[in-house]
There are 2 protein chains.
Amino acid sequence: MEFVKNAIGKLVPTEINGEQVIPFKGVGKYKPEGKKHAPYIPSNVDFPLDGNKTVSSLKEALIKAGLKDGMTISTHHHFRNGDLIANQIFDIAKELSVKNLRWFPSASFPCHEHLIQYLEDGTIQRIEASMNGPLGKFCSEGKMKGTAVLRSHGGRYQAVQDGEVKIDIAVIGAACADPFGNANGLFGQSTSGLLGFALADSQYADKVIVVTDNMVPFPCIPWQIQGNYVDYTVKMNKIGIPEKIISGTTKITKSPDRLLLAEMTAKFCDVTGIIQEGFSFQTGAGGTSLAVSEYFANIMKKKGIKGRFARGGSNKYLVKMLEEGLIDYILDGQTFDLDGVRSMAENPNHVWTSPFTSYNYHSKGNFAGILDVVILGATEVDINFNANVVTHSDGYLLHGIGGWQNCLFSKTVILPLPLFRDRIPVVVDEVTTVCGPGELIDVIVTERGIAINPKRKDLIDKAKNSGLPLKTIRELKDEAEKICGKPTKPKLGDKVVAAIKWVDGTVIDVVRQVLE
Amino acid sequence: MEFVKNAIGKLVPTEINGEQVIPFKGVGKYKPEGKKHAPYIPSNVDFPLDGNKTVSSLKEALIKAGLKDGMTISTHHHFRNGDLIANQIFDIAKELSVKNLRWFPSASFPCHEHLIQYLEDGTIQRIEASMNGPLGKFCSEGKMKGTAVLRSHGGRYQAVQDGEVKIDIAVIGAACADPFGNANGLFGQSTSGLLGFALADSQYADKVIVVTDNMVPFPCIPWQIQGNYVDYTVKMNKIGIPEKIISGTTKITKSPDRLLLAEMTAKFCDVTGIIQEGFSFQTGAGGTSLAVSEYFANIMKKKGIKGRFARGGSNKYLVKMLEEGLIDYILDGQTFDLDGVRSMAENPNHVWTSPFTSYNYHSKGNFAGILDVVILGATEVDINFNANVVTHSDGYLLHGIGGWQNCLFSKTVILPLPLFRDRIPVVVDEVTTVCGPGELIDVIVTERGIAINPKRKDLIDKAKNSGLPLKTIRELKDEAEKICGKPTKPKLGDKVVAAIKWVDGTVIDVVRQVLE
């Protein structure tokens, strides 16, 4: 396999899983040529005129869809760790002796540990998606037959749209659906809020199967997934474990350290004028992020300021801001708690979005760049502001990219991070895996100081007399090393176990096998 | 030009406007091969990161979009006879000396008479769409340089999706839009309710321009048109004449003859069991159709029956049914009055649809076949139940197809028609232009009797002891001729002035030049 150094200095192969790939060329430097993937033209002739596409079981649907060796099967991760569908798909594949499948979920979770047996016996050749927990460990140890490919939410849409990944069969679990295939995640026992991660699959897959445990008479309203893209529908007893789909109890951190990070972040946004009338923001669903939202809300109330919109992952704190009139809209990509689901079902100003609208880099613009500020996490950040979200410092691939890369295009990107975790520095010389180029990351907020990217002179000017503890990123790194010692490098082999795609489909980095 | 006899016995050319076409092969007999149209892959690199795609004028937008000779320019007809955009586009084209354009609106109206000068001077080579009024007359008289092509709403989506018509520049007028290009027809001075007729254009055109007289800060909610498909946005002073967009006063007919037709139609649906718990229906916005809805409502109330959904064109009568709980949902393709607009803006159960969801024959099913009954109009129907909606008996092409062909796939199709108009028979030996094959048309209701298609033995059985005046279609024709005399045939030339496409893109008939 040939390796080349890409634009951020990482050695990456020119071929992955037997297909040519393009090394990262720099932010905004690669422009696609050619046409979007063109699905075959279907005809109403081949579908029941009365709109009833129901078949008796998932197995029958997969057989009718032509499941066979080497196919690409996609699922979405709106059920998170409560998904009951993906495992069944591959149980059926095993039963039918189908081999060499590519599983292309929008993300995988610990509940999919069940699939390791199929990765071992050749039913599944590889997973192309984030792998949280056990599957990530399995992959990191070099045990997967194929090479994993990790993409951001927007990158996944881009890959499907551009024909980089051709989905043979998409299986879309939905809390609510009708026999025609219209579906949403809003009503029923297995509510996931929305189904945006399955949008590309519905539009571009050859065959689309919608499964639900809540089949309603046509029309299922709203149709987050349009039945006109669907081949078969299946009524199942149970498609998800509700309490694992939605946490129900997303909580603000109680850790004083993290609260400090959140407070410093909010204060930074205040003094630099980011929090102003009509502004927009995105925070994640972690404890620190939730706390940032709360601090934002307090500042906004005190100043009598209203925001135009917040991007979700929604949760009860954002919903409260919407209901109190602190923001006009929530533009939501996934609901993280039951308040999020309720609000989305009830409130027309709580709007469901998709990776297409929010994140697809190969479209005529997307929402990410419109955001005034995003607050993100990272496992590591380095002295060039490059950041890592997929591997730990021990080299293990344990997290997905999510919308993280896509969000880097917002006007200001802030990473509130502890300076070290378990006595391992978070600010380092060089990150284990580059997921985002430093030029897009503006501010690192740690409990021991705030580092602003030298590119952002405007922010430095605005923050310098604020009383906030400004430091250089090198100072932060040195401080971390003073406390924890120089971090030891993980022992990695040569084998590439995963490729990290940039938002434009190029390869920004790879993950190598962990040797011990 | 070579002509062949198609499956319904009409002589049609194998080539139109220099392109090969497929003669109609029979209902459900033609299946497309190949792939959907694949637009070029855009990149965020080419769009402003902050999402602001506003340019100063429509002219600037058209120039930036690369307007040049021979291009296809599309517009939608949600503004109906109040459209102020299409004329300006071609004024600009004229000013820029651009020639030989194809105008591809979703329909044209009398307000576009202004464009006749451009059809004459070669700015516009042809119109591919329905042509109501003056443009239809112009075309009928053989004066248009190219051949018109008429498609149903679903057929237009199909043609764009399948790459049969490649749109170079789509101009989408919207009552409400944001600088990114998200747009809807719901809020502002030029409300049209929805923008579904522009959906295909937004998805498949090379360049998309959104113009509005009500630019709101991002995000424009809901986004009936997604800004991610949009290249440029333009703020204009006035894009439509509100009182001509929405009538505001859709009224039930007061004509005793038409009321009788409506009453007979409703009674027919009652006695044949079509009106039952959970049923669905579609009626148009004409005076007779509105009256049918009212009769339906009365029957439903009397029987304590609830319908699952009605398909619009919505109007105050349908809205009342929704608000009174007589139907669960309105699935709406276009709003015909202000109550329709208001309801769609307020009521989540008043759902906007598109030609894709409702009518596209080249999809994995559509909504039309799910409908229990549709009530449609026609200019003529013949003894084989073939019907005409585009030409009058004098040969003039004066109407569009609308969703009419698409609706023929519903479970029962009823045409309430006067037996004659201005002493010209409506039931004839052979229709001037076949728009819909008789095999899909079930019932003709006239003031002098009801003819049921012999194929529908089930309906004949159910209706025979109802007291309704059942007759054969020949009896109706004879009766019409007895009163009006045998109709004279129009004098037509050889020149084909327009082709009528079937829902699958094949040519079901042509319209020939009217000689006097």
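Residues numbered from 1 in each chain as written. Chains lettered and ligands numbered in written order. Predicted model: local features only at pLDDT ≥ 70, side-chain atom pairs only at ≥ 80, totals over all residues.

A. How the structure looks around the pairing of strand β7 (residues 101–105) of chain A. Residues and elements named next belong to chain A. Among the five residues that make up β7, five are buried, leaving the element largely enclosed by the rest of the structure. Of the two faces of β7, the one lined by L101, W103 and P105 and the one lined by R102 and F104 are each fully buried. By the bridge criterion, four bridges tie strand β6 (residues 72–75) to β7 in an arrangement that is parallel. In the strand pairing of β7, T72 is matched with R102. In the classification by handedness, the crossover that spans β6, the intervening helix α2 (residues 86–95) and the parallel β7 is right-handed. As paired strands, β7 and strand β8 (residues 124–127) are joined by three bridges and run parallel to one another. (Buried ≥ 20, exposed ≤ 12 C-beta atoms within 10 Å, placed from the backbone. Helix = DSSP H or I, 4+ residues; strand = E, 2+ residues; numbered from the N terminus. Pairing = 2+ DSSP bridges. Right-handed = clockwise from strand over helix to strand, strands pointing away.)

B. Representation of helix α5 (residues 153–161) of chain A within the structure. Residues and elements named next belong to chain A. Across the nine residues of α5, nine count as buried, placing the element largely inside the fold. The complete set of buried residues in α5 reads H153, G154, G155, R156, Y157, Q158, A159, V160 and Q161. At the exit of α5 stands G163, carrying a positive phi of roughly 80°.

C. Geometry of the pairing of strand β22 (residues 412–416) of chain A. All names here are of chain A. Of all five residues making up β22, five are buried, and the element is well covered by its neighbours. Covered by surrounding structure in β22 are T412, I414 and P416 together with V413 and L415, the residues of both alternating faces. In this sheet, β22 lies alongside strand β19 (residues 373–375) in parallel orientation, the contact comprising three bridges. Bridge assignment links V374 to a residue of β22, and that residue is V413. As paired elements, β22 and strand β26 (residues 443–446) share three bridges and run parallel to each other. Directly across from L415, in β26, lies its bridge partner I444.

D. The interface of chain B and chain A, seen in detail. Listed per partner, the contact involves 52 residues of chain B and 52 residues of chain A. Secondary-structure elements contributing two or more residues to the side of chain B that touches chain A are β16 (307–311), β17 (327–332) and α12 (355–359) of chain B. Per-class residue counts for the side of chain B that touches chain A are 25 nonpolar, 18 polar and nine charged. (Contact = placed C-beta atoms within 7 Å. Nonpolar A, V, L, I, M, F, W, Y, C, P; charged D, E, K, R; others polar.)

E. Spotlight on the domain arrangement of chain A. Residues and elements named next belong to chain A. Domain boundaries assigned for chain A yield domain 1 (37–245) and domain 2 (256–514). Computed over C-alpha atoms, the centres of domain 1 and domain 2 are 29 Å apart. If you look at the interface, domain 1 gives 39 residues, while domain 2 gives 43 residues. No other element matches the eight residues that α5 contributes to the side of domain 1 that touches domain 2. In terms of residue class, the side of domain 1 that touches domain 2 is built from 15 nonpolar, 18 polar and six charged. (Domains from an automatic or database assignment.)

F. Representation of the sheet that holds strand β27 (residues 449–452) of chain B within the structure. All names here are of chain B. With respect to topology, nine strands assemble into an open sheet ordered β18-β17-β16-β15-β19-β22-β26-β27-β28, the strand pairing being mixed. The open sheet has two free edges, formed respectively by β18 (350–352) and β28 (470–471), since each of these has just one partner strand. Alignment of β16 against β17, held across four bridges, turns out to be parallel. Note on β17: the bridge partner recorded for A310 is I330.

G. Broad picture of the relation of the copies chain B and chain A. Least-squares fitting of chain B to chain A yields an RMSD of 0.0 Å, with the superposition described by an axial translation of 0.0 Å and a rotation of 180°. Accordingly, the operation relating the two chain copies is best matched by a two-fold axis. Considering only C-alpha atoms, the part of chain B nearest the rotation axis is A38 of chain B, at 2.6 Å. The fraction of interface residues of chain B whose copies in chain A are also interface residues reaches 100%, indicating that both copies meet through the same surface. (Least-squares fit on C-alpha atoms with pLDDT ≥ 70 in both.)

H. Structural context of the nonpolar core. Ranked by size, the top nonpolar core spans 341 residues in total, and within it I209 of chain A together with I209 of chain B carry the most contacts. Ignoring sequence-local partners within four residues, the contact set of I209 of chain B consists of A61, A65, I169, A170, V171, I172, D231, Y232 and V234 of chain B. (Core = buried A, V, L, I, M, F, W, Y, C linked by C-beta atoms within 7 Å.)

I. Broad picture of helix α10 (residues 316–323) of chain B. Judged by how many residues are buried, α10 of chain B sits mostly within the fold: six of eight residues are covered. Looking one or two residues past α10 of chain B, G325 of chain B carries a phi angle of roughly 80°, positive in sign.

J. Local environment of the packing of helix α8 (residues 256–271) of chain A against helix α9 (residues 287–303) of chain A. Residue and element names in this part refer to chain A. At a minimum axis separation of 8 Å, α8 and α9 run at an interaxial angle of 45°. Judged on the interaxial angle alone, α9 and α8 are oblique. In this structure, α8 crosses over α9, and the sense of that crossing is right-handed. For the pair α8 and α9, contact is made by R258, L259, L261, A262, E263, T265, A266 and D270 and by G287, T288, A291, V292, Y295, F296 and I299, respectively. The residue makeup of the contact of α8 with α9, split by class, is nine nonpolar, three polar and three charged. (Axes fitted to C-alpha atoms, helices over the stretch in contact; angles between N-to-C directions. Parallel < 35°, antiparallel > 145°, perpendicular 65-115°, else oblique. Left-handed = near helix turned anticlockwise from the far one by under 90°.)

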